[in-house]
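# Structure at a glance
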Amino acid sequence: MKYSIITVNYNNCEGLRRTIESVINQTFRDFEFIVIDGGSSDGSVDILKAYNESITYWMSEPDGGIYQGMNKGIAHATGHYLNFMNSGDCFYDSYSLEQVDSYASDADIITGRDYHYNEEKKAGHASVQPSRLSMITFFNATLDHQSTFIRRSLFEGSPYREDYRMVSDWIFFTQKIVSEGKRVQLIPLIVCRREEGGISEQQYERNRTEINRWLHEYLPKGIYDDYATLSKLDKTSLYRLFDICENNKQRKVLIWCIKLIHKFFHIS
């Protein structure tokens, strides 16, 4: 199985260096490495030149943002599956790609977990993975593209939307998984080690505004309101609720507890 690892960078030379080292040190070798730089002026191009022999294809020119850069990478990709390991993010260890390949199947999307690390606190945590994916999964969250491998054919005729600046990967996953029912394989593997404070985290309000804009176009108001109510639960609790509802005995206990709580608050 051949993979295309695509890295988008803009004025993050040290992050770019870490990402390159992470990719080229993988024990699994059946991959191509594509780097799209948005016309950096901080020495990133010098780093690309230094690693030229290890990079399949790279370019540096001004562009319209991260998703235009990702689309440029897609246009040059020839692998069966595409992974977007953007500047500053790294594979969890040198065996990550080899381990991902051991889970290889005929799924359209293979997704693992990220390890979010805070350099200042010297601490981190692994992302929470649901037991299944549905619209409620994507109402407040998305798949981590750094630990996700997408069949290249899914991008044919549907590249990332460039009219959204923050959430086009989220839109892509929602359309492909929820609307089109593409096959997803959830693997328990931690694939990526990423820095906290990415562009989506740094600009949370703009991110949420774009998500709501698209959701209001995509969902009827009544359905949107239902999901908005469910999303008041934190992600971990929501995923546990799904698991409980799938188990007949646990579901009965949950219903009994809800009735008891309602009765208690109604009486008081």
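Placed above this text is the structure.
What counts, and where the lines are drawn
- Residues numbered from 1 in each chain as written.
- Predicted model: local features only at pLDDT ≥ 70, side-chain atom pairs only at ≥ 80, totals over all residues.
- Heavy atoms only, no water.
- Helix = DSSP H or I, 4+ residues; strand = E, 2+ residues; numbered from the N terminus.
- Rg over C-alpha atoms; globule rule 2.2 N^0.38 Å.
- Buried < 20%, exposed > 50% of the residue type's maximum accessible area, 1.4 Å probe, protein only.
- Contact = heavy atoms within 4.5 Å.
- Areas by Shrake-Rupley, 256 points an atom, 1.4 Å probe, with all protein chains shown as cover.
- Lys, Arg positive; Asp, Glu negative; His and termini not counted.
- Charge placed at Lys NZ, Arg CZ, Asp CG, Glu CD.
- Pairing = 2+ DSSP bridges.
- Phe/Tyr/Trp six-rings, centres within 6.5 Å; stacked < 30°, edge-to-face > 60°.
- Lys NZ or Arg CZ within 6 Å of the ring centre and 35° of its normal.

This part takes up the overall build of the chain. Regarding its fold elements, the chain presents eleven helices and nine strands. Radius of gyration (C-alpha) of the chain: 20 Å, near the 18 Å computed for a compact globule of 268 residues. Expressed along its principal axes, the backbone C-alpha trace of the chain runs to roughly 70 × 40 × 35 Å. With 268 residues in all, the chain has 44% of them scored as buried. Within the chain, residue pairs in contact and separated by at least 24 positions form 78% of the contacts whose partners lie at least 6 positions apart. Looking at the chain as shown, the accessible area adds up to about 13900 Å², and 52% of this sits on carbon and sulfur atoms. Each charge class in the chain was averaged separately, 31 positive and 36 negative side chains, and the resulting centres sit 9 Å apart.

A word on the pairing of strand β9 (residues 184-195). Where strand β5 (residues 90-91) and β9 come together, two bridges link them in antiparallel fashion. Bridge pairing links C90 to R193 in β9. Taken together, the eight bridges between strand β6 (residues 109-118) and β9 define a ladder with parallel strand orientation. Paired with I109 across the bridge in β9 is V184.

What follows covers the side chain of S231. Within the secondary structure layout, S231 lies in the loop between α9 (221-230) and α10 (235-246). When its relative accessible area of 16% is taken as the criterion, S231 is described as buried.

The subject of this paragraph is unusual backbone geometry. The phi angle at N11 is positive, at roughly 50 degrees, despite the residue not being glycine. Take N11: it is sitting in the loop between β1 (3-9) and α1 (13-24). Residue classification places N11 among the partly exposed positions, given a relative accessible area of 31%.

Enumeration over the complete set of coordinates arrives at 15 aromatic pairs. Relative to F149, the ring of Y3 has its centre 5.6 Å away and its plane inclined at 75 degrees; by these criteria the two rings are edge-to-face. Taken as a pair, Y3 in strand β1 and F149 in strand β8 (residues 148-151) lie far apart in primary sequence, 146 residues in all. Judged by its relative accessible area of 0%, Y3 falls in the buried class. Note on F149: relative accessible area 0%, which makes it buried. Directly above the ring of Y164 sits R213, whose terminal nitrogen or CZ lies 4.0 Å from the centroid.

What is shown is where atoms sit, not what they do.
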